[in-house]
Amino acid sequence: MINKNDQFEIYITDLSDEGAGIGKTDGFTWFVKDAVIGDHILAAATKVKKNYGFARLVKVIEPSASRTTPACPLARSCGGCQLQQLEYDSQLKFKESKVLNDLKRIGGFTDAGAFFEPIIGMQQPFRYRNKAVYPIGRNKEGRIIAGFYAGRTHSIIACEDCLLGFEENRIVLSTIIKFMGDNDIEPYNENTGSGVVRHVLIRKGLHTGELMVCIVINAGKLKNADVLCGRLREMLPSLKSFTLSVNRERTNVIMGTRIINVYGPGYIEDLIHDRDGSQVRFRISPLSFFQVNSEQMEKLYGTALEFAGLTGNERVWDLYCGVGTISLFLARHAKKVYGVEIIPEAIDNARENAELNSIDNAEFFVGKAEEVLPEWYSKEYRKTGEKIDVIVVDPPRKGCDENCLKTMVSIAPKRIVYVSCDPATLARDLKYLCSEGYRIETVRPVDMFPQTVHVETVCLLSKLKSTQHIEVELDMDELDLTDAEKKATYQEIKDYVLEHTGLKVSSLYIAQVKQKCGIIERENYNKPKSEDAKQPQCPPDKEKAIKEALKHFGMI
Ligand code: SAH
């Protein structure tokens, strides 16, 4: 029996979704932060529950082959990077299996490996964040510092150069801290509610190089703000916007709603490159939502665009569209794009961004996706019968509302592209869509947040046609098999063919070949449901490959 504070040796055999090492002692499960799969460690129990406990890493006795020294000396105390001690390749594997496991466990897609593509990682998995927010305070010695809150506390640990952020951040912060000292400006004190400077927000356009600084203040103005602006511009000629955000509330919310413009237009601009080398330009203000990893964002949106399969004639909905980034990206390849977003200011930005790029085939609605879409469906869709070819969704972590999913199914687009920041809710929503006539074609994760446990996933679903419904029925009918058939499942045959020839074959083709070879006698399976429905016939190369597989499994 291990009690709180007891030290014990343990082998780490798995990683939790939150990135903690998992190991067992006599069937009792332990979660150990900062430990990685393959480590043999000395741990100290911090909390003991009935069937599991939490422990702290005391010492690595024998490191895992995938363990690495964190690049940031503060990685452990910060907690923002849960995976820095794991080599980047292993981080990517961890994220792939997280998505795959959720698809299998929550979505019930036991064959998820068949449509799963490798994660898109980064060449340089540091210094990718285009946005940084640093709290400002005083340390124990009374010095003004910028840094981060130590895990679950509100005491600030000094760190002016987070390795996920750009190098300019350090210069901005040290300039502001020196200025505060020179001008007797107090940092905000959470306990007393006194002091002025609360947070510093820094944003940078990856492609334009434009820099934005916004200081959140607990006051109506900042003394000598113009002097500070002069110093910042001198240090950083790329500074394009300097603003103050007024937040006088005693809350954890960082930004205030009122913005005071000190220098520049109040926004910076950045570009997102399209696959054809052209680009879409975006305005980013202190309050706008913009993906924090610009480099990976292009890969994420590029994947969404690829999956949408646009030729220029399609009508598309982009649900949860934010400032219209995906919508505008799609609009250049579609006939019409409708975007929906709950935050009115984001829609203002989306409309401005459309104008900035001379895009006039994108229309935006403010509201909840689960309300706007059903309303449009009952009024417009029924009236005009306007077909929708593709629906793209990019919901927050909780996934799509069921009412939204239901309406999507009623609208029945040929393709649904689901961009997700939470594999668990993705799997849940995919399960629903697949029970309502959709099939998963491809799942491709993108690593938007290296060093952390978060993973973004793009999934393409296509609407089943009548012939494909027959395929599904074929899969179901594996229960009623002839002896020869029992030797391998449709999935095993598909996997064998893919592995040996690189060809993807459908259950329908396999059934056709089986029938030709006399394995299936039930001829009705191979017939379309309605007489006039056309059924694709297995091409000769695939027939040959399937026959090879049938031979391999001893079925013929
Ligand atoms: N597609 C955008 C934003 C994705 S983040 C991009 O890539 O930049 C998810 C967005 O959904 C946020 O902007 C959030 O404000 C919005 N949102 C949250 N709940 C919503 C709802 N019920 N209906 C519509 N939008 C919602």
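Residues numbered from 1 in each chain as written. Predicted model: local features only at pLDDT ≥ 70, side-chain atom pairs only at ≥ 80, totals over all residues. Heavy atoms only, no water.

**A few points about the packing of helix H13 (residues 507-516) against helix H14 (residues 540-552)**
Logical step 1: Where H13 meets H14, the closest approach of the two axes is 10 Å, and the angle between their N-to-C directions is 70°. As summarised for this structure, H13 and H14 are arranged roughly perpendicular, according to the angle between their axes. The two elements H13 and H14 meet at a crossing, and its hand is right-handed. Taking contact as the criterion, the partners of Tyr509, Ile510, Val513, Lys514 and Lys516 in H13 are, on H14, Lys542, Glu543, Ile546, Lys547 and Leu550.
Logical step 2: When the residues that make up the contact of H13 with H14 are grouped by side-chain class, the tally is 5 nonpolar, no polar and 5 charged. (Axes fitted to C-alpha atoms, helices over the stretch in contact; angles between N-to-C directions. Helix = DSSP H or I, 4+ residues; strand = E, 2+ residues; numbered from the N terminus. Parallel < 35°, antiparallel > 145°, perpendicular 65-115°, else oblique. Left-handed = near helix turned anticlockwise from the far one by under 90°. Contact = heavy atoms within 4.5 Å. Nonpolar A, V, L, I, M, F, W, Y, C, P; charged D, E, K, R; others polar.)

**Looking at the sheet that holds strand E7 (residues 144-149)**
Logical step 1: Sheet architecture is open: 7 strands sit in the order E8-E7-E6-E9-E10-E11-E12, paired in mixed fashion. In the strand order of this sheet, the two ends are held by strand E8 (156-158) and strand E12 (258-263), each with one partner. Neighbouring strand axes in the sheet, compared pairwise and without regard to direction, differ in orientation by 35° on average.
Logical step 2: Two strands pair when backbone bridges link them, and strand E9 (residues 197-204) and strand E10 (residues 211-217) are joined in this way by 7 bridges, in the antiparallel orientation. Paired with Val200 across the two strands is Ile215, which belongs to E10.
Logical step 3: Lying on the sheet, helix H3 (residues 168-182) is in contact with strand E6 (131-138), E7, E9 and E10; it crosses E9 at an angle near 150°.
Logical step 4: Contacting E10, strand E11 (239-246) and E12, helix H4 (residues 225-235) runs over the sheet at an angle of about 145° to E11. (Pairing = 2+ DSSP bridges.)

**What to know about helix H8 (residues 369-384)**
Since the α-helix advances by 3.6 residues per turn, residues separated by three or four positions end up pointing in the same direction.
Logical step 1: The sharpest bend along H8 reaches about 40° and sits at Tyr377.
Logical step 2: Buried within H8 are the following residues: Ala369, Glu370, Val372, Leu373, Trp376, Tyr377 and Tyr381.
Logical step 3: Buried residues in H8 make contact with strand E15 (315-319), strand E16 (336-341), strand E17 (362-366) and helix H9 (402-411). (Bend = angle between axes of the 7 residues up to and from the residue. Buried < 20%, exposed > 50% of the residue type's maximum accessible area, 1.4 Å probe, protein only.)

**Quick notes on the site of the ligand**
Logical step 1: Among the 17 residues in the neighbourhood of the ligand, the closest are listed as Tyr301, Thr325, Glu341, Ala369 and Asp394.
Logical step 2: For the ligand, an oxygen atom lies 3.1 Å from a polar atom in the side chain of Thr325.
Logical step 3: When the ligand sits alone it has 570 Å² of accessible area, and the protein chains cover 89% of it.
Logical step 4: Residue composition of the shell around the ligand, grouped by class: 9 nonpolar, 4 polar and 4 charged. (Near = heavy atom within 4 Å. Polar contact = N/O pair within 3.5 Å; in protein donor to acceptor, adjacent residues only side chain to side chain. Areas by Shrake-Rupley, 256 points an atom, 1.4 Å probe, with all protein chains shown as cover.)

**Considering the pattern of salt bridges**
Any two side chains of opposite charge can pair, on the condition that their charged atoms come close.
Logical step 1: For the structure shown, the criterion picks out 28 salt bridges.
Logical step 2: The partner of Lys178 in a salt bridge is Asp182, with the nearest N and O atoms 3.0 Å apart. Pair noted here: Lys178 and Asp182 are both in helix H3, with a separation of 4 residues, about one helical turn.
Logical step 3: Overall, the relative accessible area of 42% leaves Asp182 in the partly exposed class.
Logical step 4: In the salt-bridge network here, residues are joined through shared partners; they are Lys33, Asp34 and Arg76. (Salt bridge = Lys/Arg side-chain N within 4 Å of Asp/Glu carboxyl O.)

**Digging into the confidence of the model for the protein chain**
Should pLDDT be low for a region, the predicted coordinates there are not to be read in detail.
Logical step 1: Put simply, the protein chain has an average pLDDT of 91, and 93% of its residues get 70 or more.
Logical step 2: Taken together, the stretch residues 469-480 has pLDDT below 50 and engages in 26 contacts with residues farther than four places along the chain or on a different chain. (pLDDT = per-residue confidence, 0-100.)

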